[in-house]
Protein chains: 2
Amino acid sequence: MWRLHHFALCPFSRKLRLLMSEKGVPFTLEEENPFAMREEFFLINPTGRTPALTHEDKDITLADSRAIAEYFDETVEKNPMINGTAAGRAEIRRLVALFDENFWGDVTAPLLSERYAKRVVARAAPDSRALRDAMRLADQHLDYIDYLVDHRRWLAGATMSLADLTAAAQISVADYLGGIDWRGHESARGWYSVFKSRPSFQPLLADRVDGVAPPRHYSDVNA
Amino acid sequence: MWRLHHFALCPFSRKLRLLMSEKGVPFTLEEENPFAMREEFFLINPTGRTPALTHEDKDITLADSRAIAEYFDETVEKNPMINGTAAGRAEIRRLVALFDENFWGDVTAPLLSERYAKRVVARAAPDSRALRDAMRLADQHLDYIDYLVDHRRWLAGATMSLADLTAAAQISVADYLGGIDWRGHESARGWYSVFKSRPSFQPLLADRVDGVAPPRHYSDVNA
Ligand SMILES: N[C@@H](CCC(=O)N[C@@H](CS)C(=O)NCC(=O)O)C(=O)O
Ligand SMILES: N[C@@H](CCC(=O)N[C@@H](CS)C(=O)NCC(=O)O)C(=O)O
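Residues numbered from 1 in each chain as written. Chains lettered and ligands numbered in written order. Predicted model: local features only at pLDDT ≥ 70, side-chain atom pairs only at ≥ 80, totals over all residues. Heavy atoms only, no water.

The name given to chain A in an unreviewed UniProt entry is Glutathione S-transferase, and the organism recorded there is Croceicoccus mobilis. Quoted straight from UniProt, the Subunit (unreviewed entry) entry for chain A says "Homodimer." (UniProt positions renumbered as here; feature names shortened; annotations may be inferred.)

This is the structure in structure tokens:
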């Protein structure tokens with residue numbers, strides 16, 4: 001069985017939890033706080049980052065959520081998530097990068113640092129300007145999702161893809177940390193609420209970390 | 001013909017110049033300074049980042065260097081760069097991510113910001129502590145390359161792959177900016193010098209940007 005070394009509020013770990021669940025790949029979870037920089041974990045992933053994937057029987061260690069997502073899309077037929085023409089696949093991967101890098105850098109990472117790492121790990125006060133910036137940028141990203149959803153059935157085209165899983169994973173962490181104001185984003189909200197009611201999403205919505213509680217609407221599938 | 005919107009010291013653009021050249025895909029270069037945030041460029045790539053790729057005849061726009069690399073590996077047979085078993089391909093992509101994210105974040109991005117953006121764009125003095133940190137981390141990354149090259153023929157295994165192109169592209173920018181001290185890294189230096197003499201590398205070594213000159217050894221293929 002696969003063992004996913006993950007952190008509950010790590011959006012890259014969440015992307016793989018969604019992906020493996022949608023593809024029907026069984027796995028167990030092993031909690032790893034990458035901010036604790038545990039020496040043993042660097043032996044599993046030399047970058048020290050979550051997620052990483054090991055297997056109890058096979059001598060294989062995988063790291064980097066995009067590399068792992070490609071691996072499962074290549075090896076497990078069910079619910080292809082990087083599918084279509086070469087140009088269509090490039091569009092899926094462009095959006096995966098956009099959410100993993102730009103949404104992450106603009107929104108999720110500053111929220112995690114201000115509302116989780118500072119509060120729980122360093123016991124310092126959050127920087128309200130950094131929080132305001134993150135929320136302003138979240139609003140721009142939601143505008144882009146509104147635009148995509150108004151023009152396509154799913155973010156990258158006619159079918160659900162890794163782009164949707166990636167965006168939903170990032171948003172779910174930002175939403176947990178109170179960084180998402182859904183007002184004025186009906187299209188994005190509609191797209192996200194479909195996700196929230198999928199079975200693959202339920203374990204994510206049930207997760208809690210010590211010291212930071214999500215807003216009430218976070219796990220409400222009708223909100 | 002493809003048109004690559006690139007910036008001379010952008011390692012992600014350089015990765016694609018190497019890849020397209022190795023795969024024999026003809027292209028023209030269009031210089032774009034992403035730090036200038038030109039509005040028209042946001043219409044080509046909504047993130048405003050280099051590289052992006054357009055085509056004079058086809059209605060297609062590609063962005064994100066990993067998405068584009070996958071596109072060419074899927075559509076052009078010559079010199080496959082993401083090849084092998086699923087596990088081998090995952091290893092290639094793990095290393096691509098490591099160099100694109102960790103080497104970039106630890107080394108190339110701080111060097112670009114201190115030695116190029118600050119000097120040329122903002123006319124401010126570089127922060128010597130940030131430079132020292134970047135060079136210390138560069139040394140650790142070279143240790144890792146030494147280790148890989150001592151255990152494998154190429155970084156990800158028996159054949160040259162996108163991992164090699166990605167690492168060489170990052171290192172070439174760091175080397176241009178004076179951030180690489182090769183002493184004590186004979187294995188990494190040997191691996192890199194093979195690259196430096198490949199035809200695909202010559203245009204990169206000939207590039208210069210205003211205001212920052214590379215060290216003497218930078219374009220010396222015997223150094
Ligand atoms: N490219 C990686 C990024 C993973 C990543 O940044 N993980 C964060 C947690 S959400 C981490 O481990 N940060 C600690 C660090 O970078 O040292 C992936 O897609 O898996
Ligand atoms: N994931 C992107 C990263 C590209 C990137 O970060 N490009 C830099 C130049 S080297 C850039 O455009 N920076 C300006 C910005 O982020 O606003 C890729 O692989 O193409």
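## Digging into the site of ligand 2
Near ligand 2 you find Glu 101 of chain A together with Cys 10, Pro 11, Phe 12, Pro 34, Arg 49, Thr 50, Pro 51, Asp 64, Ser 65 and Trp 104 of chain B, and these make up its full shell. Ligand 2 sits at a junction of chains, with neighbouring residues supplied by chains A and B. A distance of 2.8 Å separates a nitrogen atom of ligand 2 from a polar backbone atom of Thr 50 of chain B. In the environment of ligand 2, a nitrogen atom lies 2.8 Å from a nitrogen or oxygen atom belonging to the side chain of Asp 64 of chain B. Considered on its own, ligand 2 offers 520 Å² of accessible surface; in the complex 86% of this is hidden by protein. (Near = heavy atom within 4 Å. Polar contact = N/O pair within 3.5 Å; in protein donor to acceptor, adjacent residues only side chain to side chain. Areas by Shrake-Rupley, 256 points an atom, 1.4 Å probe, with all protein chains shown as cover.)

## Section: the domain arrangement of chain A
Residue and element names in this part refer to chain A. Along its sequence, chain A is carved into domain 1 (2–75) and domain 2 (86–219). Just the C-alpha atoms count here: the centres of domain 1 and domain 2 sit 20 Å apart. Residue-level contacts link 20 residues of domain 1 with 26 residues of domain 2. Between domain 1 and domain 2, a total of about 2,100 Å² is buried, with carbon and sulfur atoms accounting for 66% of that surface. Where domain 1 meets domain 2, there are six salt bridges. A salt bridge links Arg 17 to Asp 207; the nearest nitrogen and oxygen atoms lie 2.8 Å apart. Counting across the domain 1 and domain 2 interface gives 11 residue pairs in polar contact (both at pLDDT 80 or more). Those elements that provide at least two residues to the side of domain 1 that touches domain 2 are helix H1 (11–23) and helix H3 (65–75). (Domains from an automatic or database assignment. Contact = heavy atoms within 4.5 Å. Buried area = accessible area lost by both parts, 1.4 Å probe. Salt bridge = Lys/Arg side-chain N within 4 Å of Asp/Glu carboxyl O. Helix = DSSP H or I, 4+ residues; strand = E, 2+ residues; numbered from the N terminus.)

## Re the site of ligand 1
All residues adjacent to ligand 1 are Cys 10, Pro 11, Phe 12, Pro 34, Arg 49, Thr 50, Pro 51, Asp 64, Ser 65 and Trp 104 of chain A together with Glu 101 of chain B. The environment around ligand 1 is built from residues contributed by chains A and B. Within the side chain of Asp 64 of chain A, a nitrogen or oxygen atom sits 2.8 Å from a nitrogen atom of ligand 1. A distance of 2.6 Å separates an oxygen atom of ligand 1 from a polar atom in the side chain of Ser 65 of chain A. Here ligand 1 loses 87% of its free accessible area of 520 Å² to cover by the protein chains.

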